[in-house]
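# Summary of the model geometry
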Amino acid sequence: SQTIHQWPATLVQPVGSPLSLECTVEGTSNPNLYWYRQAAGRGLQLLFYSVGIGQISSEVPQNLSASRPQDRQFILSSKKLLLSDSGFYLCAANRDWTQYFGPGTRLTVL
Amino acid sequence: DAKTTQPTSMDCAEGRAANLPCNHSTISGNEYVYWYRQIHSQGPQYIIHGLKNNETNEMASLIITEDRKSSTLILPHATLRDTAVYYCIVRVANNNDMRFGAGTRLTVKP
């Protein structure tokens with residue numbers, strides 16, 4: 001079965017600091033991978049998706065970037081965090097066109 | 001993808017069936033109905049999906065009306081652990097974006 005790992009679980013960062021969130025997937029090969037953000041009390045917003053190594057599609061203009069250095073590794077980054085980057089970041093992977101989500105990383109930018 | 005409409009909140013007594021409705025009157029012929037739930041501070045959990053036939057798995061049943069304009073997710077014997085926000089999503093199978101709306105906040109009460 002497929003398992004999605006995300007770390008860290010929680011993170012508090014100052015404005016202007018860099019960010020790196022990691023997602024790894026077990027139990028599947030060549031998955032589509034996704035980064036979503038959920039602001040407090042809101043729905044999920046798709047940020048990036050990847051259909052293969054080095055292939056990244058961005059859904060919204062923002063202060064973040066994504067990379068996929070390995071088949072089952074997806075990284076979300078920022079060079080300088082903004083207050084508005086606070087939120088719950090979720091990684092997802094597909095299996096048979098159904099998306100399954102990881103446990104999430106709660107980011108607070110102060 | 002078609003838009004969905006769900007009640008903002010619902011209550012259910014523990015041990016009783018929870019019936020969560022979803023309207024999707026503009027659904028297209030190739031769009032599936034997906035249900036997820038999100039327990040507080042966790043990633044969304046896939047529950048079930050269907051195209052036009054009713055579906056059942058170990059978690060829930062999905063009843064889709066014949067005209068496919070609405071559906072109902074049924075949790076047959078709700079427990080306190082089923083308290084969560086339930087999302088109904090309509091999408092084409094290979095669409096990379098899961099458009100989560102506000103969902104229905106289900107509270108199971110003892």
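A short tour of the structure in this document, coming up. Being a predicted model, the structure only gives us computed values, none of them experimental.

When you go through chain B residue by residue, the secondary structure sums to 0 helices and 9 strands. For chain B, the spread of C-alpha atoms along the three principal axes comes to 40 × 30 × 25 Å. Within chain B, the proportion of its 110 residues that are buried is 45%. The long-range share in chain B, meaning contacts at least 24 apart out of those at least 6 apart in sequence, stands at 57%. Total accessible area on chain B is roughly 5700 Å²; 47% of this is exposed by carbon and sulfur atoms.

All names here are of chain A. As paired elements, strand β7 (residues 65–70) and strand β8 (residues 73–78) share 4 bridges and run antiparallel to each other. When the bridges of β8 are listed, Ala-66 appears paired with Leu-76. Two successive antiparallel strands, β7 and β8, enclose a turn made up of 2 residues.

The strands making up a sheet associate through hydrogen bonds between their backbones, and the pairing can be parallel or antiparallel. Residue and element names in this part refer to chain A. Ordered by their spatial adjacency, 4 strands build an open sheet running β1-β3-β8-β7, and the pairing between neighbours is antiparallel. Each edge of the open sheet is held by one strand with a lone partner, namely β1 (3–7) and β7. Within this sheet the neighbouring strands show an average axis-to-axis angle of 20°, counted without direction. In the sheet, strand β3 (residues 19–26) pairs with β8 via 6 bridges, with the strands oriented antiparallel.

Residues and elements named next belong to chain A. For Ser-17, the position within the fold is in the loop between β2 (10–13) and β3. According to the relative accessible area criterion, Ser-17 is buried, its value standing at 10%. Polar side-chain contacts of Ser-17 include one of 3.3 Å to the side chain of Gln-13. There is a polar contact of 2.6 Å between the side chain of Ser-17 and the backbone oxygen of Pro-14. In contact with Ser-17, not counting residues within four places along its chain, are Lys-79, Lys-80 and Leu-81.

Here we take up the sheet that holds strand β2 (residues 18–23) of chain B. All names here are of chain B. Taken together, the 4 strands give an open sheet; going across it, the order is β2-β7-β6-β5, and neighbouring strands pair in antiparallel fashion. Two strands close off the open sheet at either side, each with one partner strand: β2 and β5 (55–56). One ladder, built from 6 bridges, connects β2 with strand β7 (residues 70–75); its direction is antiparallel. Bridge pairing in β7 links Leu-20 to Leu-73.

Time to look at the side chain of Arg-68 of chain A. Residue and element names in this part refer to chain A. With respect to the helices and strands, the residue Arg-68 is situated in strand β7. By relative accessible area, which is 3% here, Arg-68 ends up buried. Leaving out residues up to four positions away in the same chain, Arg-68 has contacts with Asn-30, Pro-31, Asn-32, Leu-33, Ser-50, Val-51, Gly-52, Ile-53, Gly-54, Ile-56, Gln-73 and Phe-74.

Tallied over the full model, the rule gives 11 aromatic pairs over all chains. Of the aromatic side chains, those joined through ring pairs into one cluster are Tyr-34, Tyr-36, Tyr-49, Tyr-100 and Phe-101 of chain A together with Tyr-36, Tyr-46, Tyr-87 and Phe-100 of chain B. Between Arg-106 of chain A and the ring centre of Phe-88 of chain A, over which it is positioned, the NZ or CZ distance is 4.4 Å. Stacked on the ring of Tyr-34 of chain B, the Lys or Arg Arg-91 of chain B has its end atom at 5.0 Å from the ring centre.

Attention now moves to the state of the cysteines. Per the counting criterion, the structure on display carries 2 disulfides over all chains. For Cys-23 of chain A, the disulfide goes to Cys-91 of chain A, at an S-S distance of 1.9 Å. A torsion of -65° about the S-S bond marks the disulfide between Cys-23 of chain A and Cys-91 of chain A as left-handed. With a gap of 68 residues between them, Cys-23 of chain A in strand β3 and Cys-91 of chain A in strand β9 (residues 87–95) connect regions that are remote in the sequence. As far as burial versus exposure is concerned, Cys-23 of chain A and Cys-91 of chain A are alike and both buried. Disulfide pairing is shown between Cys-22 of chain B and Cys-88 of chain B; the S-S distance is 2.1 Å. Classification of the bridge connecting Cys-22 of chain B and Cys-88 of chain B rests on its S-S torsion, roughly -80°, and on that basis the disulfide is left-handed. With a gap of 66 residues between them, Cys-22 of chain B in strand β2 and Cys-88 of chain B in strand β8 (residues 84–92) connect regions that are remote in the sequence. The structure places no disulfide on Cys-12 of chain B, whose sulfur is separated from the nearest cysteine sulfur, that of Cys-22 of chain B, by 18 Å. Cys-12 of chain B sits in the buried class, given a relative accessible area of 10%.

Cut-off values and rules
Residues numbered from 1 in each chain as written. Chains lettered and ligands numbered in written order. Predicted model: local features only at pLDDT ≥ 70, side-chain atom pairs only at ≥ 80, totals over all residues. Heavy atoms only, no water. Helix = DSSP H or I, 4+ residues; strand = E, 2+ residues; numbered from the N terminus. Buried < 20%, exposed > 50% of the residue type's maximum accessible area, 1.4 Å probe, protein only. Contact = heavy atoms within 4.5 Å. Areas by Shrake-Rupley, 256 points an atom, 1.4 Å probe, with all protein chains shown as cover. Pairing = 2+ DSSP bridges. Axes fitted to C-alpha atoms, helices over the stretch in contact; angles between N-to-C directions. Polar contact = N/O pair within 3.5 Å; in protein donor to acceptor, adjacent residues only side chain to side chain. Phe/Tyr/Trp six-rings, centres within 6.5 Å; stacked < 30°, edge-to-face > 60°. Lys NZ or Arg CZ within 6 Å of the ring centre and 35° of its normal. Disulfide = S-S within 2.5 Å.

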